[in-house]
Amino acid sequence: MNKQDITELIKSRRSIFPRQYSGEKIADEIVAEMLETANWAPTHKYTEPWRFKVFRGEALEKLVGFQKQLYIANTPAEEIKDAKLKVFDETPLQTSHIIAIVMHRNPIVPEMEEIASVAMAVQNLWLTVSAYGYGGYWSTGNGTFSAAMHQWLQLDENHQLMGFFYIGVPAEPLQQGRRRPMDEKVQWM
């Protein structure tokens, strides 16, 4: 792979939402390869803080069912949206895998470094998803920061859920991304 290929791969990375997936399943071996690339993220003092819980099939259905329960339990009745309930019902049919992104906190390094390492692991995962032509989406909704989800995932006090990564086969060709010019964001000193 040359520099141009890497640049194009980075530019091709997109948030592809579960509603944009075809429902086709991705082989577990490919998902395992994606996770292996996540394992090569930078890590200060080799703490390797990333942890992943992979949901597929019946386990994925149970996870989304629990997310739906949390939404209903934590949303005032008059604010519950039928469209959101429909998303919960359709997600297991459209999504191949959902990966819970967990940080294992090691107090020997600043927390921000552990968060950054996990985010870089997810970026590696996402780039591999993109290289295969699949869709990925990192969500911090659906109970990510709730004590109930923390307990449901059986996480202890040294673990923090950082969201869910949805993977699926896009139903339609991916759209080109866009960014404002870099010179609007850089100040050369």
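What counts as what
Residues numbered from 1 in each chain as written. Predicted model: local features only at pLDDT ≥ 70, side-chain atom pairs only at ≥ 80, totals over all residues. Heavy atoms only, no water. Pairing = 2+ DSSP bridges. Helix = DSSP H or I, 4+ residues; strand = E, 2+ residues; numbered from the N terminus. Axes fitted to C-alpha atoms, helices over the stretch in contact; angles between N-to-C directions. Core = buried A, V, L, I, M, F, W, Y, C linked by side-chain atoms within 4.5 Å. Buried < 20%, exposed > 50% of the residue type's maximum accessible area, 1.4 Å probe, protein only. Contact = heavy atoms within 4.5 Å. Salt bridge = Lys/Arg side-chain N within 4 Å of Asp/Glu carboxyl O. Parallel < 35°, antiparallel > 145°, perpendicular 65-115°, else oblique. Nonpolar A, V, L, I, M, F, W, Y, C, P; charged D, E, K, R; others polar. Expected span 1.5 Å × (residues − 1). Arc of directions from axis to C-beta.

Read from one edge to the other, the open sheet built from four strands follows the order 1-2-4-3, with strand pairing classed as antiparallel. If you trace the sheet from one side to the other, it starts and ends with strand 1 (50-55) and strand 3 (135-139), each paired once. Adjacent strand axes in the sheet meet at a mean angle of 25° when their direction is disregarded. Bridge count between strand 3 and strand 4 (residues 159-168): five bridges; the pairing is antiparallel.

Soluble, globular proteins show a tendency: their nonpolar side chains are buried together. Core analysis: the biggest nonpolar cluster contains 22 residues, and Leu125 and Phe165 have the highest contact counts within it. When contributions to this core are tallied by element, the ones reaching two or more residues are helix 2 (28-38), strand 2 (97-104), helix 5 (111-131) and strand 4. Ranked by residue count, the leading element in this core is helix 5, at six residues. Sequence-distant contacts of Phe165, that is, excluding residues within four places in its chain, are made with His97, Ile98, Ile99, Ile101, Val122, Leu125, Trp126, Val129, Gly136, Tyr137 and Trp138.

A few words on the pattern of salt bridges. One pass over the structure, following the stated rule, counts five salt bridges. Here Lys68 and Asp89 are joined by a salt bridge, their closest N and O atoms 2.7 Å apart. Here Lys68, found in helix 3 (residues 57-74), pairs with Asp89, found in helix 4 (residues 82-94); they are 21 residues apart in sequence, far enough to count as distant. On the basis of relative accessibility, which here comes to 22%, the residue Lys68 falls in the partly exposed class. Ionic pairing is found between Glu184 and Arg180, a salt bridge with its closest N-O pair at 3.4 Å. An identical accessibility class is assigned to Glu184 and Arg180; each is exposed.

Turning our eyes to something else, we now look at the packing of helix 1 (residues 3-12) against helix 5. For the pair helix 1 and helix 5, interaxial distance at closest approach is 9 Å and the crossing angle is 100°. In terms of orientation, helix 1 and helix 5 fall into the roughly perpendicular class. Residue-level contacts link Leu9, Ile10 and Ser12 of helix 1 to Leu127, Ser130 and Ala131 of helix 5. Partitioning the contact of helix 1 with helix 5 into residue classes produces four nonpolar, two polar and no charged.

Under the 1.5 Å per step criterion, the end-to-end length of helix 3 is 26 Å for 18 residues, consistent within 8% with the ideal 26 Å. Among all positions in helix 3, only Leu60, Leu63, Val64, Phe66, Gln67, Leu70 and Tyr71 are buried. What you see down the axis of helix 3 is that its buried residues fit within an arc of 155°, all on one side. Of the exposed residues in helix 3, those oriented more than 90 degrees away from the buried face are Glu58, Lys62, Gln69 and Ala73.

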